[in-house]
2 protein chains.
Amino acid sequence: MRWGAGDGVEGWSPRIVTTGLGFTPSSGPSPPLSAFFVIPPISIALRADGFGENPFFHCLVAEIIPAPGESQGKEACSYPPCFSSQKPHSSLSFSGSLVVGYGLYYFIYSTWTGRNVYLEDIYVMPQYRGQGIGTKIIKKVAEVALNKGCSQFRLAVLDWNKKAVNLYKFLGAQDLTESEGWLSFRFEGEAMRELAGR
Amino acid sequence: MRWGAGDGVEGWSPRIVTTGLGFTPSSGPSPPLSAFFVIPPISIALRADGFGENPFFHCLVAEIIPAPGESQGKEACSYPPCFSSQKPHSSLSFSGSLVVGYGLYYFIYSTWTGRNVYLEDIYVMPQYRGQGIGTKIIKKVAEVALNKGCSQFRLAVLDWNKKAVNLYKFLGAQDLTESEGWLSFRFEGEAMRELAGR
């Protein structure tokens with residue numbers, strides 16, 4: 001097994017998938033990318049907004065390309081991939097390489113700073129952690145942000161996830177909750193319906 | 001002065017502005033919607049992404065329509081509005097009504113819950129506060145969220161902004177920083193450039 005040669009990012013092959021996202025992680029407790037495909041209301045919205053000429057979100061994938069003759073073992077490809085399936089599939093991409101991590105991001109808009117990037121989700125399969133793949137995904141998102149004229153790249157993290165907190169700080173991120181007092185609020189369920197008068 | 005009849009939301013006239021946003025607040029310290037128009041890199045990105053067939057962000061505006069013969073005084077219209085201007089303008093919309101507040105939102109995407117709404121910015125001119133305009137903007141955003149199949153409507157608030165914190169809680173929002181430990185992180189400036197290897 002070797003790393004994909006990729007598009008200029010050392011050691012791996014991030015791909016911006018805008019025309020298909022034919023994989024789900026085959027292991028790891030969270031997050032379930034499979035939710036993209038198995039829960040109809042979610043999958044319909046995500047397919048409509050993420051796959052087209054003007055996608056509203058993007059996904060970078062880190063993939064490993066097997067050496068010639070090397071078997072993927074349990075990760076054997078279930079091509080064609082799993083768009084319409086009701087059960088989890090392997091992590092193989094359309095090209096047959098093994099997808100071991102991803103970063104899902106979109107652009108956000110501030111009245112102060114204009115277009116920015118938000119990394120909603122970053123995931124690396126447990127058996128591939130500790131190899132710098134997460135860092136490479138983050139670096140690639142920073143590249144995308146600069147290429148798109150963004151001055152900020154935001155993300156959120158749970159306070160108990162010390163490894164992630166430390167990694168983001170090590171890479172230069174500011175904790176805005178600590179330094180400025182930003183709190184995350186959410187309306188959902190009954191509260192949202194009441195708010196909308198339904 | 002009276003409230004605009006609007007599009008079915010009692011007492012005011014929120015408009016989803018996707019083809020033009022010809023106003024800036026004429027008073028109030030923050031946030032400077034004028035930044036949309038006076039800082040070229042920001043304004044170019046915001047015009048490109050917010051005004052077209054497939055906008056990446058949306059803006060609801062709360063506007064007051066003057067009674068027949070009633071003068072707007074200092075708020076006199078500087079039509080045509082201020083897209084290319086280098087200085088702040090009045091709060092008059094294209095239709096001549098007085099824009100007194102706005103909410104800027106966009107759609108965000110979760111691998112767990114699909115498409116959701118994020119209210120990036122909500123603003124009401126100081127002299128029009130305490131009249132429920134902010135609540136009406138929030139309610140309208142909740143309506144949009146439900147209409148678009150979203151299960152969540154998120155926003156962020158600074159911990160010292162007690163009025164806003166209390167309003168959002170009163171309206172049914174959960175403080176996720178308190179209940180789940182979500183922290184907001186941001187890369188910017190030199191940190192972002194270093195991350196991208198520039």
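The rules behind each value
Position labels on residues start from 1 in each chain and follow its written sequence. All chains are assigned letters beginning at A, and all ligands numbers beginning at 1, according to the order in which they are written. Where local features are concerned, this predicted model is filtered to residues with pLDDT of at least 70; where side-chain atom pairs are given and counted, the filter is 80 or more; whole-chain, interface and lining totals use all residues. Side-chain descriptors were evaluated using all non-hydrogen atoms of the structure, hydrogens and water having been removed beforehand. UniProt positions are given in the numbering used here, feature names are shortened, and annotations may be inferred rather than shown by experiment. Each helix corresponds to a stretch of at least 4 residues labelled H or I by DSSP, and each strand to a stretch of at least 2 residues labelled E; elements are numbered beginning at the N terminus. Type-normalised accessible area, obtained with a 1.4 Å probe on protein chains alone, sets the label of each residue: buried when under 20%, exposed when over 50%, and partly exposed for intermediate values. Any two residues having at least one pair of non-hydrogen atoms within 4.5 Å are treated as being in contact. Salt bridges are counted wherever a side-chain nitrogen of Lys or Arg sits within 4 Å of a carboxyl oxygen of Asp or Glu. A 1.4 Å probe defines the accessible area here, and the buried area is the portion of it lost by two parts on being joined, summed over both. Under the rule applied, a polar contact is a pair of N or O atoms within 3.5 Å (in protein, one hydrogen donor and one hydrogen acceptor; residues adjacent in sequence only if both atoms are side-chain atoms). Any residue that is not Ala, Val, Leu, Ile, Met, Phe, Trp, Tyr, Cys, Pro, Asp, Glu, Lys or Arg is counted as polar, Gly included; the first ten are nonpolar and the last four charged. When DSSP finds two or more bridges between two strands, those strands count as paired. The disulfide definition used here is simple: a pair of cysteine sulfur atoms within 2.5 Å. Here the copies were fitted onto each other by least squares, based on C-alpha atoms from residues at pLDDT of at least 70 in both. Pairs were defined over the aromatic rings of Phe, Tyr and Trp, the Trp ring being its six-membered one, requiring ring centres within 6.5 Å. Orientation was assigned from the angle between planes: stacked under 30 degrees, edge-to-face over 60, tilted for the rest. Every helix has an expected span of 1.5 Å times one less than the residues it contains.

An unreviewed UniProt entry lists chain A under the name N-acetyltransferase domain-containing protein, from Mus spicilegus. Listed in UniProt under the heading Sequence similarities (unreviewed entry), the comment for chain A reads: "Belongs to the acetyltransferase family."

Participant: How do you make sense of the overall build of chain A when you look at a structure like this?
Facilitator: The helix and strand tally for chain A stands at six helices and eight strands. Of the regular secondary structure in chain A, the N- to C-terminal order runs β-β-α-α-β-β-β-α-β-α-β-α-β-α. Counting every position in chain A, which comprises 198 residues, the buried fraction comes to 54%. Once local pairs closer than 6 in sequence are excluded, the contacts in chain A between residues at least 24 apart make up 65%.

Participant: In this structure, what is going on with the pattern of salt bridges? I would like to understand it.
Facilitator: When the charged atoms of two side chains with opposite charge come close together, those side chains can pair. Considering all chains together, one arrives at 12 salt bridges over all chains under this definition. One salt bridge in this structure joins A:R193 and A:E190, with 3.3 Å as the shortest N-O distance. On the criterion of helical spacing, the pair formed by A:R193 and A:E190 is a turn pair, its members being three residues apart in helix α6 (residues 189–195). For A:E190, a relative accessible area of 45% gives the class partly exposed. What emerges from the salt-bridge pattern is a single network uniting A:E180, B:R186 and B:E188.

Participant: What is the right way to look at the interface of chain B and chain A in this model?
Facilitator: Where interface size is given, it is often the accessible area lost as the parts come together that is meant. Chain B puts 73 residues into the contact, and the matching count from chain A is 72 residues. Overall, the association of chain B and chain A removes approximately 7,200 Å² of surface from exposure, summing both partners, and the carbon and sulfur fraction of that is 62%. Looking at the side of chain B facing chain A, the largest losses of area belong to B:Y109, B:F185 and B:R186, adding up to 14% of the total buried there. Linking chain B to chain A there are 31 residue pairs in polar contact (both at pLDDT 80 or more). Partitioning the side of chain B that touches chain A into residue classes produces 43 nonpolar, 15 polar and 15 charged. Bridge count between strand β8 (residues 182–188) of chain A and strand β6 (residues 152–158) of chain B: seven bridges; the pairing is antiparallel. Note on β6(B): the bridge partner recorded for A:F187 is B:F153.

Participant: Sorry, what's going on with the state of the cysteines here?
Facilitator: Any covalent bond linking the sulfur atoms of two cysteines counts as a disulfide. All names here are of chain B. According to the stated counting rule, one finds zero disulfides over all chains in the structure shown. Lacking any disulfide linkage, C150 is separated from the closest cysteine sulfur, that of C59, by 17 Å. Looking at C150, the relative accessible area reads 5%, which means it is buried.

Participant: Just to check I follow, could you spell out the relation of the copies chain B and chain A for this structure?
Facilitator: Copy one and copy two of the chain differ by a rotation about a common axis and a shift along it. Of the two same-sequence chains, chain B is brought onto chain A (RMSD 0.0 Å, axial shift 0.0 Å) by a rotation of 180°. What the rotation and shift describe, once combined, is the action of a two-fold rotation axis. Comparing interface residues between copies, 99% of those in chain B also sit at the interface in chain A, which points to an isologous, same-surface contact.

Participant: Just to check I follow, could you spell out the pairing of strand β3 (residues 58–65) of chain B for this structure?
Facilitator: All names here are of chain B. For β3, the tally of buried residues reaches seven of eight residues, placing the bulk of the element in the interior. The pairing of β3 with strand β4 (residues 98–110) spans seven bridges and is classified as antiparallel. Opposite A62, over in β4, you have G101 as the bridge partner.

Participant: Help me understand the packing of aromatic side chains, please; the structure alone is not making it clear to me.
Facilitator: What characterises a pair of aromatic rings is the spacing of the ring centres plus the angle enclosed by the ring planes. One pass over the full model with this rule turns up 15 aromatic pairs over all chains. Arranged with centres 4.9 Å apart and planes meeting at 35°, the rings of A:F153 and B:F187 form a pair that is tilted. With one member in each of two chains, A:F153 in strand β6 (residues 152–158) and B:F187 in strand β8 (residues 182–188) form a pair that bridges those chains. A relative accessible area of 0% means that B:F187 is categorised as buried. Linked through ring pairs, A:F57, A:Y106, A:Y118 and B:Y109 together constitute an aromatic cluster.

Participant: Honestly, helix α3 (residues 133–147) of chain B in this entry has me stumped. Any pointers?
Facilitator: Residue pairs three or four apart in sequence face the same way in an α-helix, which turns once every 3.6 residues. All names here are of chain B. For α3, which comprises 15 residues, the first-to-last C-alpha distance of 21 Å matches the rise-based estimate of 21 Å (1.5 Å per residue) to within 8%. For α3, the full list of buried residues reads I133, G134, T135, I137, I138, K140, V141, A142, V144 and A145. Looking at the residues trailing α3, positive phi occurs at G149, about 75°.

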